[in-house]
2 protein chains.
Amino acid sequence: MKRGKIIVLSGPSGVGKGTVLREVMRNRSDLQFSVSATTRPIRPNEVNGENYWFMDKAQFEQLISDDALLEYVTYADNYYGTPIKPVEEAMDNGIHVVLEIEVQGAMKLFERRDDVISIFIAPPSFEELKRRLLGRGDTAQQIAEKRLRIARWECEAAKKYKYVVVNDDVQRAASEIDAILTAESCRSEYYEMILPEEEM
Amino acid sequence: MKRGKIIVLSGPSGVGKGTVLREVMRNRSDLQFSVSATTRPIRPNEVNGENYWFMDKAQFEQLISDDALLEYVTYADNYYGTPIKPVEEAMDNGIHVVLEIEVQGAMKLFERRDDVISIFIAPPSFEELKRRLLGRGDTAQQIAEKRLRIARWECEAAKKYKYVVVNDDVQRAASEIDAILTAESCRSEYYEMILPEEEM
C-alpha cells in the first residue's frame, strides 16, 4: 500500500473552499480531514474531536514543547494547530490527510516539510471576491474591509503553493483537485519496479 | 491563452504506448503528436509529414548545426530527431505537444530543457513484459532477447521521468495521463492574479 500524503488547502474567506472540498470528498474514499487543536472555547453546536480538539492553554503548550504539532498559529489570543499523530496514523493507512489551514500556518508548514501537496483555491478575480465579501450584507463595513485586506495578502501568497485551482465552477475546481491527487500518486519517486536479478 | 507544454512519453516496446495514447487523445482536444524527422528511407505505406519528415543526411545535419532539433539520436546508421519549430508553433497556440521518443533521446532532452512533462509508461511487471515480448511468437529468440535487454535498461530509467504510469488497464492508464496534464496546468507558476493597484 502506498503511504498517504498531506494535502494543504488554503484560500481567502469567501472563495468556497468548503463546497469544493465536499465535492472532492464525495468522489474519493482515500481522503480524510485533519482535525485541528485549539484553545478557543467550544461553542454550543460543536463536538470535541469533530470540529476541533478543544484543550486548555497548558495542554496546547505541552504539544508545542513536545514538537507534536505540524504547524500552529496564534489568532485572537487563541492557539490553533495540527497535531502530528493522527495525521501520521492516517498516512500509514494509505489515507491522504487534508489540512484546511490559513496561509500563515501553511507557510510555517512548508518550512518544516517539503513533502506536502499544497493547493491554493483562488477566486476567479479579486473583483469577484470583493463582491462576495462585501455583498454578504451581514457584515459591518469595517470588518468587511479588514477581510478584504487579509484576502489580498492571501492571494499574493498563492504562488508559494504548488498548485492554484481557480473556483469559477465548483465541479471543475473539484475535478482539478482530484486530478492533482491522481497525478501526485503517479510521481516516479513513489514507483518501484522489481527487475529480475538474473543475467539475461 | 496558456502556452502549451512538451509532453515526453517513453516506455519499453510491448508496453502498449500507442493504445494508451490514442485513448488520451480521444478525450482531449489540446494535444498533438510531434512528427519526428529521420534519414531512414520512406516505406511504401508511409506519408511524409505524417509518419516522419523524411530527409537526407545533409538536410538532417543542417538541422543539427542550426540547433533546430529538440533532441536527436542515431539508430542503425540513421538519424531520428524532433524539429523545434512545429513544436514551438503548436505551443504558442496553446497546444500540448506529445513526443513519443526513446529513453536515450528523452535523456538528452531532459538535459536541454527542464520544462517538459515527462511520463514513463511501465508494464505491470517485468515478467508480464517478458511474456508479451517473447509470446508474440513472430520473433527469433535472439531478437526477442535483445528487445528484453533494452526493455530492462529502459525500465531502470523510469525514475528519471517525472511520472510513471503503469499500464495494467488502458482506461486507467489513460485517465492517469489525463490527470497529469490537468494537474500540470494548475501549477502555481502558470497562475497570475490581477490584484487591484489602489490602497484598500
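Residues numbered from 1 in each chain as written. Chains lettered and ligands numbered in written order. Predicted model: local features only at pLDDT ≥ 70, side-chain atom pairs only at ≥ 80, totals over all residues. Heavy atoms only, no water.

**Describing the interface of chain A and chain B**
Taken residue by residue, the interface counts 36 residues in chain A and 36 residues in chain B. At the boundary of chain A with chain B, total buried surface from both sides reaches about 3200 Å², with 67% on carbon and sulfur atoms. At the junction of chain A and chain B, the tally comes to 2 salt bridges. Across the pair E192 of chain B and K159 of chain A runs a salt bridge whose closest N-O atoms are separated by 3.7 Å. (Contact = heavy atoms within 4.5 Å. Buried area = accessible area lost by both parts, 1.4 Å probe. Salt bridge = Lys/Arg side-chain N within 4 Å of Asp/Glu carboxyl O.)

**Brief notes about the packing of helix 5 (residues 126–135) of chain A against helix 6 (residues 141–156) of chain A**
All names here are of chain A. It is at 10 Å that the axes of helix 5 and helix 6 come closest, and there the two elements cross at 150 degrees. Looking at the two axes, helix 5 sits roughly antiparallel to helix 6. Remark: the crossing between helix 5 and helix 6 carries right-handed chirality. Along the contact surface, helix 5 presents F126, L129, K130, L133 and L134, while helix 6 presents A144, R147, L148, A151, R152 and C155. (Axes fitted to C-alpha atoms, helices over the stretch in contact; angles between N-to-C directions. Helix = DSSP H or I, 4+ residues; strand = E, 2+ residues; numbered from the N terminus. Parallel < 35°, antiparallel > 145°, perpendicular 65-115°, else oblique. Left-handed = near helix turned anticlockwise from the far one by under 90°.)

**Comments concerning unusual backbone geometry**
Most of the time, phi is negative for any residue but glycine, and the peptide bond is trans. Residues and elements named next belong to chain B. Notably, D67 is not glycine yet its phi reads approximately 55 degrees, a positive angle. Tracing the backbone shows D67 in the loop between helix 2 (57–65) and strand 5 (69–75). Judged by relative accessible area, which is 48%, D67 ranks as partly exposed. (Buried < 20%, exposed > 50% of the residue type's maximum accessible area, 1.4 Å probe, protein only.)

**What about the pairing of strand 7 (residues 96–100) of chain A?**
Working note: regular strand, side chains alternate between the two faces of the sheet. Residues and elements named next belong to chain A. Of all 5 residues that make up strand 7, 4 are buried, and the element is covered over most of its length. Here strand 1 (residues 6–10) pairs with strand 7 via 4 bridges, running parallel. Within strand 7, the position partnered with I6 by the bridge is V97. Looking at chain direction, strand 2 (residues 31–33) and strand 7 are connected through 3 bridges and run parallel. From the neighbouring strand, Q32 faces strand 7, where its bridge partner is V97. (Pairing = 2+ DSSP bridges.)

**Notes on helix 3 (residues 84–92) of chain A**
Residues that lie three or four places apart on an α-helix share one face, since the helix turns once every 3.6 residues. All names here are of chain A. Buried within helix 3 we find I84, V87, A90 and M91. The buried residues of helix 3 all sit within an arc of 135 degrees when viewed along its axis, so they share a single face. A positive phi of about 80 degrees marks G94, the residue just after helix 3. (Arc of directions from axis to C-beta.)

**Brief notes about the packing of aromatic side chains**
Each aromatic ring pair is described using two quantities: the centre-to-centre distance and the angle formed by the ring planes. Residue and element names in this part refer to chain A. Applying the stated rule across the entire model yields 16 aromatic pairs over all chains. Between Y52 and F54, the aromatic rings sit 5.8 Å apart at their centres with planes inclined by 65 degrees, giving edge-to-face as the arrangement. Ring geometry for Y52 and Y80: centres 5.9 Å apart, planes at 65 degrees, overall edge-to-face. Taken together, the positions of Y52 in the loop between strand 3 (37–38) and strand 4 (53–54) and Y80 in strand 6 (residues 78–83) put the pair 28 residues apart, joining distant regions of the chain. (Phe/Tyr/Trp six-rings, centres within 6.5 Å; stacked < 30°, edge-to-face > 60°.)

**Observations concerning the relation of the copies chain A and chain B**
Mapping chain A onto chain B is achieved by rotating through 180 degrees and translating by 0.0 Å along the same axis, at an RMSD of 0.1 Å. The relationship between the two copies is best expressed as a two-fold rotation axis. Proximity to the rotation axis, assessed at the C-alpha, singles out A179 of chain A in chain A; its C-alpha lies 2.2 Å from the axis. With an isologous cut-off of 70% or more, the 100% of interface residues of chain A that recur at the interface of chain B puts this contact in the isologous class. (Least-squares fit on C-alpha atoms with pLDDT ≥ 70 in both.)

**Examining the pattern of salt bridges**
Counted according to the given criterion, the structure contains 36 salt bridges over all chains. Between R152 of chain B and E156 of chain B there is a salt bridge, and its shortest N-O distance comes to 3.6 Å. Separated by 4 residues within a single helix, R152 of chain B and E156 of chain B lie in helix 6 (residues 141–156), roughly one turn from each other. Judged by its relative accessible area of 45%, E156 of chain B falls in the partly exposed class. Residue R187 of chain B pairs with E184 of chain B through a salt bridge whose shortest N-O separation is 4.0 Å. The exposure class of R187 of chain B is buried, given its relative accessible area of 14%. A network of salt bridges, in which partner residues are shared, links R3, E88, D92, R113 and D115 of chain A.

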